[in-house]
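Now for the letters of each chain:
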Amino acid sequence: DGILDLGKKFGLYKGRKAIIKHFQEISSQFVFASHLATNPEIKIESLEKARGTWQLIMPCNMQNGNSVESRWLFGEYQDKFSCVGGEWKFFEIKVVHRVFAKHLDGWTQHH
C-alpha cells in the first residue's frame, strides 16, 4: 500500500501490485545490485509517523544489449514510516539520485 519513488530515471510506483511489477520487470535490466546504505538518520515525528535518510552507494551490473556493464549509483534514501498496529512500516521509499555512471568512466563529470 506504499509508495516507491525512484525518480525520473526509474519511475514512481504506488501500491503493492505496481511495486511488485516494477521489481519483476527491472530484474531483467539489473543483473546484480548491492544497495549499501550508510549514515542512517531517523526522526520520530509523532507516535504514528517518522522519517529516515540513508546515503546510498550501489555498485551494479546492467544489461546493455548483448553485454553487461558495471555502473555506480550514488544517492540518498528519503523514507517515510507509519506505525500500524504497534509496528513500524515503510510508507514511502524515495531515492534521490546524485550519480549514475559507468564504472570505468568515473563519476567526476556526473555531480
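Our subject is the structure that appears above.
Residues numbered from 1 in each chain as written. Predicted model: local features only at pLDDT ≥ 70, side-chain atom pairs only at ≥ 80, totals over all residues. Heavy atoms only, no water.

## Section: the nonpolar core
Phase 1: In terms of nonpolar packing, the biggest core is built from 18 residues, with Phe-10, Phe-30 and Phe-100 touching the most fellow members.
Phase 2: Put simply, the parts of the chain that give this core at least two residues each are helix H2 (16–26), strand S5 (49–64), strand S6 (67–84) and strand S7 (87–102). (Core = buried A, V, L, I, M, F, W, Y, C linked by side-chain atoms within 4.5 Å. Buried < 20%, exposed > 50% of the residue type's maximum accessible area, 1.4 Å probe, protein only. Helix = DSSP H or I, 4+ residues; strand = E, 2+ residues; numbered from the N terminus.)

## Overview of the pairing of strand S4 (residues 36–44)
Phase 1: Little of S4 is tucked away: 0 of the 9 residues are buried.
Phase 2: Summarising the sheet, S4 and S5 pair through 7 bridges and their orientation is antiparallel. Paired with Thr-38 across the bridge in S5 is Gln-55.
Phase 3: Hairpin connection from S4 to S5: 4 residues lie between these consecutive antiparallel strands. (Pairing = 2+ DSSP bridges.)

## Digging into a nonpolar patch on the surface
Phase 1: Together, Val-31, Phe-32 and Val-68 give the surface a local cluster of nonpolar side chains, amounting to about 260 Å² of exposed area.
Phase 2: Along the chain, the position of Val-68 falls in strand S6.
Phase 3: For Val-68, a relative accessible area of 46% gives the class partly exposed. (Patch = residues over 30% accessible without salt bridge, like charges linked within 9 Å, V, L, I, M, F, W, Y side chains within 5 Å. Areas by Shrake-Rupley, 256 points an atom, 1.4 Å probe, with all protein chains shown as cover. Salt bridge = Lys/Arg side-chain N within 4 Å of Asp/Glu carboxyl O.)

## Considerations on the pattern of salt bridges
Phase 1: Here the structure, examined in full by the defined rule, presents 7 salt bridges.
Phase 2: For Lys-43, the salt bridge is made with Glu-41, and the minimal N-O distance between the two is 3.6 Å.
Phase 3: With a relative accessible area of 51%, Lys-43 lands in the exposed category.
Phase 4: Accessibility expressed as a relative area gives 43% for Glu-41, which makes it partly exposed.
Phase 5: Between Glu-69 and Arg-71 there is a salt bridge, and its shortest N-O distance comes to 2.7 Å.
Phase 6: For Arg-71, a relative accessible area of 14% puts it in the buried group.
Phase 7: Here the salt bridges do not stand alone but share partners, grouping Glu-69, Arg-71 and Lys-102 into one network.

## Topic: the packing of aromatic side chains
Phase 1: Summed over all chains, the structure comprises 5 aromatic pairs.
Phase 2: For the ring pair Phe-10 and Phe-30, a centre distance of 5.7 Å and an interplane angle of 55° mean the geometry is tilted. Of the two residues, Phe-10 is situated in helix H1 (residues 7–10) and Phe-30 in strand S3 (residues 30–33); the sequence distance between them amounts to 20 residues. The exposure classification of Phe-10 matches that of Phe-30, with both residues buried.
Phase 3: With a centroid separation of 5.6 Å and an interplanar angle of 80°, the aromatic rings of Phe-10 and Phe-100 are classed as edge-to-face. With Phe-10 in helix H1 and Phe-100 in strand S7, this residue pair connects regions lying 90 residues apart in the sequence. This pair shows no difference in class: Phe-10 is buried, exactly as Phe-100 is.
Phase 4: Ring pairs connect the aromatic residues Phe-10, Phe-30 and Phe-100, which therefore count as one cluster.
Phase 5: Here the guanidinium or amino end of Arg-71 rests over the ring plane of Phe-100, the centre of that ring lying 4.3 Å away. (Phe/Tyr/Trp six-rings, centres within 6.5 Å; stacked < 30°, edge-to-face > 60°. Lys NZ or Arg CZ within 6 Å of the ring centre and 35° of its normal.)

Read these as spatial facts, not as claims about activity.
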